[in-house]
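# An overview of the molecular structure
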Amino acid sequence: VDAIILCTGYKHHFPFLEEKLNLKTLNRLWPNDLDKGIFFKSNHKLMFLGMQDQWFTFNMFDAQAWCARDVILGTTTLPDKA
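Quick summary incoming for the structure in this document.

Cut-off values and rules
Residues numbered from 1 in each chain as written. Predicted model: local features only at pLDDT ≥ 70, side-chain atom pairs only at ≥ 80, totals over all residues. Heavy atoms only, no water. Helix = DSSP H or I, 4+ residues; strand = E, 2+ residues; numbered from the N terminus. Buried < 20%, exposed > 50% of the residue type's maximum accessible area, 1.4 Å probe, protein only. Contact = heavy atoms within 4.5 Å. Salt bridge = Lys/Arg side-chain N within 4 Å of Asp/Glu carboxyl O. Phe/Tyr/Trp six-rings, centres within 6.5 Å; stacked < 30°, edge-to-face > 60°.

A separate point is the overall build of the protein chain. The helix and strand tally for the protein chain stands at one helix and two strands. Taken from N to C terminus, the helices and strands of the protein chain fall in the order β-β-α. Relative to its full complement of 82 residues, the protein chain shows a buried share of 28%. Nonlocal contacts in the protein chain, meaning residues at least 24 apart in sequence, comprise 37% of its contacts between residues at least 6 apart.

Following this line, the structure appears as structure tokens:
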């Protein structure tokens, strides 16, 4: 892991990322550009946690953190990039 950036708030704006790495989606319940709702499809090393707009958000954030941890540790895998 090179960096972990913690952000709070409701505006999904990432001016520090290259344009090609920015998350662009109209669907806030399930962003289409993310595998498992976390991993950027074109670069699985980039993870967006908490991008969903749902009622039980903190439970989902916990589950996403566990999934991200498992992928980082290599105990689970993601689908190959298409």
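Right, let's talk about the pattern of salt bridges for a bit. Tallied over the full model, the rule gives two salt bridges. Linking arginine 69 and aspartate 70 is a salt bridge whose minimum nitrogen-to-oxygen distance equals 2.9 Å. Take aspartate 70: its relative accessible area is 22%, and that puts it in the partly exposed class.

Scanning the entire structure with this criterion turns up four aromatic pairs. Pairing phenylalanine 40 with phenylalanine 48 gives two aromatic rings, centres 5.9 Å apart and planes at 55°, and the pair type is tilted. With respect to burial, phenylalanine 40 and phenylalanine 48 carry one shared label: buried. An angle of 80° between the planes, with centres 5.5 Å apart, marks the rings of phenylalanine 58 and phenylalanine 61 as edge-to-face. One end of the pair, phenylalanine 58, and the other, phenylalanine 61, are both in helix H1 (residues 57-73), three residues apart, so they sit about a helical turn from each other. Residue classification places phenylalanine 58 among the exposed positions, given a relative accessible area of 63%. Given the relative accessible area of 28%, phenylalanine 61 is considered partly exposed. A connected cluster of aromatic rings, assembled from ring pairs, spans Phe14, Phe16, Phe40 and Phe48.

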